[in-house]
Amino acid sequence: MSLWSAETLRIALAPGEVALRRARGEPASRVLTTGERGAASLLLLLDDALSDPAWHSRRVEVVLSQHFVRHVLTPSPGKALSRIEEQALVAASLREIYGDEVSQWRIQVLSQPPRQGLVGAAVDESFAQQLDALLARHDCRDVTINPLVSLAARRLPKNFQGWWVLAEPGWLSLLGGANGAWQHFAGQPIDDGWAASLPELIEREAGLKTPALPAAVWVQALGIGAVSTPAPNTGDWHMLPQNGPARGTLALAEI
């Protein structure tokens, strides 16, 4: 019998924590912590966890906290582009914000209709290469690596129009979309009082968007407890259900 499970292993990486989870079998989950906050510090934890035969799996899905991902929405290209042209446009838009540091990043592109901007996601290339090598060393052959936002978006309504707040421990991502395309991206650190400031945040970001997006707001909180509708409730607010009681990075592994 093979020592490697055919079941998918979900790994979530967030500042200071690594979480492993699978749908069946024992143990079902494991969380490891470190006092370091950088992405590279998580590799030692993950290497230690995967050295345990109980966690051997050839099929692995890695979820990256938005802390480690930088997004950009490019200007509209006005025409269909080749993949190389899309990469170049996203890289140029990231460089305008982050400077030459972008040359050290791995970039993924989400195509959108030509009249909409391209969506780019970037992570540190050195970290991504080390993560790839670590997983290969543990014989993980079928590997996908995605930012949290790309998986959490599956919980949105099919015909989503408006604003989406994705909150995780210490970080908030705010996205706006309409007509089947993303039209606004923002992200920022948060503290325990983040929910109370949501109306002000939405109002500020909406003022930067022309034409205006629909006013409806969907709020999705992962690993930080239940969230109530902001008071006073003067808007069209929708609270997306959480997966369960899991807190911290384990909630990201369960998305």
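Refer to the structure above for everything that follows.
Here's what I pulled together on the structure shown here. (Residues numbered from 1 in each chain as written. Predicted model: local features only at pLDDT ≥ 70, side-chain atom pairs only at ≥ 80, totals over all residues. Heavy atoms only, no water.)

By the secondary structure assignment, Val-217 is in strand 12 (residues 217–221). Sequence separation of Val-217 and Leu-151 is 66 residues, and the distance between their C-alpha atoms is 18 Å. What Val-217 contacts, discounting residues up to four positions off in sequence, is Trp-163, Val-165, Ile-202, Asp-236, Trp-237 and His-238. (Helix = DSSP H or I, 4+ residues; strand = E, 2+ residues; numbered from the N terminus. Contact = heavy atoms within 4.5 Å.)

Once that is clear, we can look at the packing of helix 1 (residues 42–50) against helix 3 (residues 125–137). Between helix 1 and helix 3, the least distance of the axes is 10 Å, while the angle of their chain directions is 10°. With respect to helix 3, the element helix 1 is oriented roughly parallel. In this structure, helix 1 contributes Leu-43, Leu-46, Asp-47 and Leu-50 to the contact, and helix 3 contributes Phe-127, Gln-130, Leu-131, Leu-134, Leu-135 and Arg-137. In terms of residue class, the contact of helix 1 with helix 3 is built from seven nonpolar, one polar and two charged. (Axes fitted to C-alpha atoms, helices over the stretch in contact; angles between N-to-C directions. Parallel < 35°, antiparallel > 145°, perpendicular 65-115°, else oblique. Nonpolar A, V, L, I, M, F, W, Y, C, P; charged D, E, K, R; others polar.)

If you walk across this open sheet you meet the three strands as 5-7-6, and the pairing is antiparallel. Each end of this open sheet is capped by a strand with a single partner; those strands are strand 5 (70–73) and strand 6 (105–110). Each strand axis lies, on average, 20° off the axis of its neighbour in the sheet, ignoring direction. As paired elements, strand 6 and strand 7 (residues 119–124) share six bridges and run antiparallel to each other. Considered in strand 7, the bridge of Val-109 is made with Gly-120. Where helix 2 (residues 83–98) meets the sheet, its contacts fall on strand 5, strand 6 and strand 7, and the angle it forms with strand 6 comes to roughly 120°. Running over the sheet, helix 3 touches strand 6 and strand 7 and is turned about 70° from strand 7. (Pairing = 2+ DSSP bridges.)

A few words on helix 1. Restricting attention to buried positions, one finds in helix 1 the residues Leu-42, Leu-43, Leu-45, Leu-46, Ala-49 and Leu-50. Buried residues along helix 1 cover an arc of 160° about the axis, so they all sit on one side. Those residues of helix 1 hidden inside the fold are in contact with strand 1 (9–14), strand 2 (17–21), strand 3 (29–33) and helix 3. (Buried < 20%, exposed > 50% of the residue type's maximum accessible area, 1.4 Å probe, protein only. Arc of directions from axis to C-beta.)

For the structure on display, the rule yields 11 salt bridges. Between Asp-142 and Arg-59 there is a salt bridge whose closest N-O contact spans 3.5 Å. Pair noted here: Asp-142 is in strand 8 (residues 142–147) and Arg-59 is in strand 4 (residues 59–64), with a separation of 83 residues, a long-range link. For Asp-142, a relative accessible area of 41% corresponds to the partly exposed category. Residue Glu-125 pairs with Arg-106 through a salt bridge whose shortest N-O separation is 3.1 Å. Taken together, the residues span a long stretch of sequence, with Glu-125 in helix 3 and Arg-106 in strand 6 at a distance of 19 residues. Accessibility expressed as a relative area gives 26% for Arg-106, which makes it partly exposed. Among the charged side chains, a salt-bridge network with shared partners connects Arg-58, Asp-139 and Arg-141. (Salt bridge = Lys/Arg side-chain N within 4 Å of Asp/Glu carboxyl O.)

Quick look at the sheet that holds strand 2 now. With respect to topology, five strands assemble into an open sheet ordered 3-2-1-4-8, the strand pairing being mixed. The open sheet has two free edges, formed respectively by strand 3 and strand 8, since each of these has just one partner strand. Strand-to-strand twist in this sheet, taken as the mean axis angle between neighbours without regard to direction, amounts to 15°. The pairing of strand 4 with strand 8 spans six bridges and is parallel. Bridge pairing links Val-60 to Val-143 in strand 8. Running over the sheet, helix 1 touches strand 1, strand 2 and strand 3 and is turned about 30° from strand 2. Together, strand 1, strand 4 and strand 8 form the strand contacts of helix 3, whose direction differs from that of strand 4 by roughly 155°.

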